[in-house]
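So you can see what is in the structure, the chains are spelled out below.
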Amino acid sequence: MSYQVLARKWRPRTFHELVGQEHVQRALVNALDQGRLHHAYLFTGTRGVGKTTLARILAKCLNCTEKGDGDEGITSTPCGSCDACQSIDQGRFVDLIEVDAASRTKVEDTRELLDNVQYAPTQGRYKVYLIDEVHMLSTSSFNALLKTLEEPPPHVKFLLATTDPQKLPATVLSRCLQFTLKHMPPERVVGHLSRVLEAEQVPFEESALWLLGKAAAGSMRDAMSLTDQAIAFGQGEVRHADVAAMLGTLDHRHVLELIEALAEVDAQRLLQAVASLAEQGPDFAAVLDDLSAVLHRLAIGQMVPQALDNGHGDREALVALAARFTAEDVQLYYQIGVQGRADMAHAPDLRTALEMTLLRMLAFRPQGVPKPARTPLPMRGESADVAAAPSAANTIPPAAPSHDPAPSQQASPDQAAPQAPAPVPEPMAPVASEPASDAQPQPAAESTVEPPPPWEGGEPEDPSSGAEAPLPPHESAANDPAAKATPPSAVDPVASNAAAQSQPQSQSQPLSQSQPRADTPQPTMAGPAPVNPGSAEREVTATPGEVPVEGNVPGDDEAALNESVEKAGPQSVEDSSSDDAVESGPVMTSEAAAPAVSETLDHGAWLAGFDQLGLSGLTRNLAAHCIVAEDDGRRILLHLDPSQAAMNAEVHVTRIRNALEAAGYPRRLEVEVVEPDGRVETPRQMFDRLAAERHAAAVEALKRDPHILQLQQIFGARLIESTVTPVEAESGS
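Residues numbered from 1 in each chain as written. Predicted model: local features only at pLDDT ≥ 70, side-chain atom pairs only at ≥ 80, totals over all residues. Heavy atoms only, no water.

K.L.:
It is not clear to me how the overall build of the chain should be interpreted in this structure. Could you clarify?
P.N.:
Helices and strands together make up the secondary structure of the chain, namely 30 helices and twelve strands. By the burial criterion, 43% of the 733 residues in the chain qualify as buried. A separation threshold of at least 6 residues defines the contact pool for the chain, and within that pool the share at least 24 residues apart is 76%. For the chain, the accessible area works out to roughly 37,300 Å², and carbon and sulfur atoms hold 53% of it. (Helix = DSSP H or I, 4+ residues; strand = E, 2+ residues; numbered from the N terminus. Buried < 20%, exposed > 50% of the residue type's maximum accessible area, 1.4 Å probe, protein only. Contact = heavy atoms within 4.5 Å. Areas by Shrake-Rupley, 256 points an atom, 1.4 Å probe, with all protein chains shown as cover.)

In structure tokens:
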């Protein structure tokens with residue numbers, strides 16, 4: 001008997017012998033066992049995944065006679081020994097009509113085929129039409145097939161197979177029960193080839209089977225054919241070197257050697273590996289592609305080791321390599337590799353392009369960073385450890401890309417400050433409207449304000465709390481020479497904040513220094529002289545239109561508060577926390593608590609002087625939707641339109657209060673969300689009304705203009721009123 005190739009010899013003959021495609025196997029077995037059979041099945045998938053094999057197994061299940069000749073004889077486990085099963089296996093079953101649609105595409109062939117559909121089966125229980133590569137049929141053939149495909153006789157089953165279901169008409173797809181067969185992963189291919197070669201008693205190396213499984217590209221039939229070729233090439237054996245030479249592919253071990261050199265940051269070893277690789281005359285572009293593919297797998301192995309595929313049988317080796325790279329280096333190397341692949345077309349030769357790409361990976365790696373030690377995987381566990389220390393994360397600027405040798409060497413929350421690469425920042429007066437822990441670090445070249453040091457006692461103390469020991473008056477804190485000579489580490493943040501109140505306007509700190517905003521100018525240095533690191537004061541210049549804020553004022557010193565307001569002038573305001581401190585301190589009479597005010601603020605004055613407040617951005621937008629409801633000399637109550645309630649934030653309320661105090665209304669400010677009174681207009685409504693009046697006046701002036709009238713009479717021109725813009729710019733915009 002002539003030799004039978006492995007692909008035909010080991011073709012599955014039952015569902016249980018089928019390799020892979022469990023989703024299709026389960027559906028067909030359950031349908032056969034329950035008697036829920038469809039009249040047309042469509043099997044789709046790439047070459048060699050088992051479409052025709054599945055159709056033949058299904059034909060045997062429909063016609064097996066071991067359990068009887070009636071419909072009760074249909075089974076999901078054909079016997080393989082009855083006449084019908086043996087005839088189907090040998091390809092001589094009369095009622096299994098196999099049609100190659102690629103060679104019979106004409107409509108005449110299809111009509112000839114359908115002429116025999118009406119006749120009952122000759123030998124079996126069902127007449128099965130197996131049409132392979134059905135997408136090759138012509139449009140006329142599909143039209144001739146539609147009616148029979150939708151309502152075939154009860155003794156007919158259609159089994160269609162195709163590698164390109166997109167070419168099938170939607171009318172055909174809707175009449176079939178479609179099953180999509182999957183690619184065969186290399187692991188499954190290698191496992192099946194191992195069993196086949198062991199049964200055939202052929203010596204083999206497992207690494208050679210991985211090369212075959214990768215070259216098969218998901219097709220089991222291709223893998224079996226390549227195995228036949230490898231057996232012949234290796235004189236009855238399947239060896240790694242023989243398979244690599246037969247396939248003409250690059251030995252994967254050379255790529256791993258390049259990755260090893262990158263892990264060691266060894267440029268000499270890297271060039272030696274390329275030179276050794278060049279002796280085999282490889283495709284250097286393919287080498288770079290394989291290198292990028294391995295880097296991609298390394299990134300997966302670092303984050304989710306269990307998701308790393310074993311396509312080359314090197315999973316364990318890659319997991320070990322992944323622990324020797326940082327996540328940043330892998331991402332950098334991959335990006336450089338992809339870009340270098342695109343630049344190969346412009347290089348003098350491909351080897352030069354490969355060497356320059358590899359050297360570029362090492363050149364652009366952060367300098368001064370030692371080779372990373374082995375890091376436990378997955379690396380995403382490090383981020384969880386960092387997230388567990390919010391106090392350190394909020395006070396210490398993030399370091400450069402992490403090249404730490406191990407998570408055990410990372411700074412704990414209690415050791416975050418000593419291990420910071422930069423010097424410990426000087427303390428900054430906290431702003432009551434925003435917690436100090438939310439302060440964002442600023443570069444030294446852009447601002448003189450530095451983030452506060454981490455709080456060693458957990459949460460920072462509330463400067464407005466009256467439960468602590470009484471604080472010294474702000475004037476004594478500012479005028480005491482010992483306080484100025486105290487190093488920053490010994491200066492209490494609240495005391496230094498109080499000391500800043502007695503400074504002139506040019507030395508007070510802007511409100512936006514703790515958290516820069518787009519609508520607020522940033523502070524600048526007052527002069528070229530460097531800042532004295534031993535002083536708690538900062539010399540900054542408040543830009544025009546911006547209201548600076550002073551530090552916290554002790555709640556039990558109301559006389560000091562009034563004196564501070566008189567000394568600093570109208571531009572100096574108290575922080576929101578000072579109001580809380582006043583309320584939490586000792587009880588005072590209204591005469592002692594309320595500062596002297598010449599007049600109260602009514603809504604008319606609010607509208608008239610709104611532009612003089614110097615507000616901008618979101619703060620101006622919030623204030624423009626407010627109505628002055630009350631001013632009792634100590635408190636100003638604003639009613640806010642509910643449609644703008646989302647903008648109501650403490651930082652905006654503080655800026656509005658600062659602007660009012662600068663305008664001569666030193667009050668405590670409260671903003672309540674209340675439905676607006678339709679009879680009282682907000683500044684926003686006033687600006688809109690004035691803009692509409694100016695626009696109407698401009699339109700009316702144009703309508704009376706003699707030149708416009710002349711254009712209308714001669715040319716039939718038309719004035720587009722929506723494009724008219726008044727000369728005066730809207731002040732409320």
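Read on for the rest.
K.L.:
What am I meant to see in the pattern of salt bridges here?
P.N.:
Here the idea is simple: oppositely charged side chains can pair when their charged atoms come close. By the definition in use, this model includes 27 salt bridges. Note that R188 is salt-bridged to E22, the shortest N-O span being 3.3 Å. Placement of the pair is R188 in helix α8 (residues 186-200) and E22 in helix α2 (residues 22-34), with a sequence separation of 166 residues. Its relative accessible area of 43% is what places E22 among the partly exposed residues. (Salt bridge = Lys/Arg side-chain N within 4 Å of Asp/Glu carboxyl O.)

K.L.:
I would appreciate a short explanation of helix α16 (residues 327-343) in the present structure.
P.N.:
For an α-helix the count is 3.6 residues per turn, leaving residues at separations of three or four pointing the same way. If you check α16, its first and last C-alpha atoms are 25 Å apart, about what 17 residues at 1.5 Å a residue would give, namely 24 Å. All of the buried residues along α16 are A327, D329, V330, Y333, I336, G337 and G340. (Expected span 1.5 Å × (residues − 1).)

K.L.:
Quick question: what am I supposed to make of the sheet that holds strand β1 (residues 40-44) here?
P.N.:
In a beta sheet, neighbouring strands are held together by backbone hydrogen bonds and run either parallel or antiparallel to one another. Within the open sheet, the five strands sit side by side as β2-β3-β4-β1-β5. Their pairing is parallel. The open sheet terminates on both sides in strands that have one partner only, identified here as β2 (96-100) and β5 (177-180). On average, each strand axis in the sheet is tilted by 15 degrees relative to the strand beside it, whichever way the strands run. Looking at chain direction, β1 and strand β4 (residues 156-162) are connected through five bridges and run parallel. When the sheet's bridge partners are listed, F43 is paired in β4 with A161. (Pairing = 2+ DSSP bridges. Axes fitted to C-alpha atoms, helices over the stretch in contact; angles between N-to-C directions.)

K.L.:
Is there a simple way to explain the environment of L332 in this structure?
P.N.:
With respect to the element layout, L332 can be found in helix α16. Exposure remark for L332: the relative accessible area of 25% places this residue in the partly exposed category. Between the C-alpha atom of L332 and that of F364, which follows or precedes it by 32 residues, the distance is 8.2 Å.

K.L.:
Sorry, what's going on with the side chain of T654 here?
P.N.:
Following the sequence through the fold, T654 ends up in helix α28 (residues 650-662). Residue T654 is classed as buried on the basis of its relative accessible area of 0%. Within the structure, T654 has its side chain in polar contact with the backbone oxygen of E650 (distance 2.9 Å). (Polar contact = N/O pair within 3.5 Å; in protein donor to acceptor, adjacent residues only side chain to side chain.)

K.L.:
Whenever I open this one, unusual backbone geometry confuses me. Can you help?
P.N.:
The bulk of non-glycine residues show a negative phi, and the bulk of peptide bonds are trans. Positive phi, normally seen in glycine, also occurs at Q21, with a value near 60 degrees. Here Q21 is to be found in the loop between α1 (6-9) and α2. One non-glycine residue, A217, lies in the positive phi region at around 55 degrees. For A217, the position within the fold is in the loop between α9 (206-215) and α10 (220-233). On the basis of relative accessibility, which here comes to 42%, the residue A217 falls in the partly exposed class.

K.L.:
I keep staring at empty space enclosed by the protein and nothing clicks. Help me out?
P.N.:
Gaps left between atoms are located by rolling a probe of water-molecule size over the structure's atoms. The tally for this structure, following the rule as stated, stands at eight cavities of 30 Å³ or more. In this structure, the second largest cavity occupies an estimated 70 Å³ of space. Forming the walls of the second largest cavity are V99, R104, D109, T110, L113, I131, L137 and L145. No other element matches helix α5 (residues 107-114), which puts three residues into the lining of the second largest cavity. When the residues that make up the lining of the second largest cavity are grouped by side-chain class, the tally is five nonpolar, one polar and two charged. (1 Å grid on protein atoms, 1.4 Å probe; cavity = no way out; pocket = protein on both sides within 12 Å on 5 of 7 lines; lining within 4 Å. Points joined across faces, edges and corners; volume = space filled by probe spheres on them. Nonpolar A, V, L, I, M, F, W, Y, C, P; charged D, E, K, R; others polar.)

K.L.:
Looking at this structure, I do not really get a nonpolar patch on the surface. What am I missing?
P.N.:
Side chains of L711, I714 and F715 sit close together on the surface and give an oily, nonpolar patch of about 340 Å² of accessible area. Structurally, L711 is set in helix α30 (residues 706-715). (Patch = residues over 30% accessible without salt bridge, like charges linked within 9 Å, V, L, I, M, F, W, Y side chains within 5 Å.)

K.L.:
How should I be thinking about the nonpolar core in this particular structure?
P.N.:
Across soluble globular proteins, nonpolar side chains have a tendency to be buried as a group. If you look at the biggest cluster of nonpolar residues, it comprises 35 residues, and the most contacted ones within it are I259 and L298. Listing elements by their share of this core, those giving two or more residues are α12 (252-264), α13 (267-278), α14 (284-303), α15 (315-322), α16 and α17 (350-363). Broken down by element, the residue count for this core peaks at nine residues, all from α14. The contacts of I259, once residues within four sequence positions are left out, are L291, V294, L295, L298, L321 and F325. (Core = buried A, V, L, I, M, F, W, Y, C linked by side-chain atoms within 4.5 Å.)

K.L.:
What's the story with the packing of α14 against α16 in this structure? I'm lost.
P.N.:
How two helices pack is summed up by the angle between their axes together with the distance between the axes. For the pair α14 and α16, the least separation of the axes is 9 Å and the interaxial angle reads 155 degrees. Classed by the angle they form, the pair α14 and α16 counts as roughly antiparallel. Like other packed secondary-structure pairs, α14 and α16 cross with a definite hand, here left-handed. Between α14 and α16, the contacting residues are A285, L288, D289, S292, L295, H296, L298, A299, Q302 and M303 on the first element and A327, V330, Q331, Y333, Y334, G337, V338, G340 and R341 on the second. Among the residues making up the contact of α14 with α16, the classes are represented as eleven nonpolar, six polar and two charged. (Parallel < 35°, antiparallel > 145°, perpendicular 65-115°, else oblique. Left-handed = near helix turned anticlockwise from the far one by under 90°.)

K.L.:
Would you explain the state of the cysteines in this entry?
P.N.:
One pass over the structure, following the stated rule, counts zero disulfides. Sulfur of C79: no disulfide; nearest cysteine sulfur belongs to C82 and is 3.5 Å away. (Disulfide = S-S within 2.5 Å.)

K.L.:
What is the right way to read the packing of aromatic side chains from this model?
P.N.:
Where two aromatic rings form a pair, the distance of their centres and the angle of their planes describe that pair. On inspection of all chains with the given rule, the structure shows six aromatic pairs. For the pair W606 and F610, a centre-to-centre distance of 5.5 Å together with 75 degrees between the ring planes defines the contact as edge-to-face. A residue is classified by how much of its surface remains accessible, and W606, at 2% relative accessible area, is buried. For F610, a relative accessible area of 0% translates into the label buried. Following the ring pairs from residue to residue traces out a cluster consisting of Y41, F43 and F179. (Phe/Tyr/Trp six-rings, centres within 6.5 Å; stacked < 30°, edge-to-face > 60°.)

K.L.:
Would you mind going over the side chain of T162 with me for this structure?
P.N.:
The residue T162 is located in strand β4 in this model. Among the polar contacts made by the side chain of T162, one reaches the main-chain amide nitrogen of D164 at a distance of 3.0 Å. Beyond its immediate sequence surroundings of up to four residues, T162 is in contact with L42, F43, T44, G45, K51, E133, V134, H135 and L168.

K.L.:
Quick question: what am I supposed to make of the sheet that holds strand β10 (residues 626-631) here?
P.N.:
Ordered in space as β10-β11-β12, the three strands form an open sheet in which the pairing is mixed. Across the chains shown, the open sheet's two edge strands, defined by having one partner strand only, are β10 and β12 (668-673). The sheet shows a mean angle of 25 degrees between the axes of neighbouring strands, direction not considered. Bridging between strand β11 (residues 635-640) and β12 involves six bridges; their strand directions are parallel. In the strand pairing of β12, L640 is matched with V673. Sitting on the sheet, α28 touches β11 and β12, and the angle it makes with β12 is about 135 degrees.

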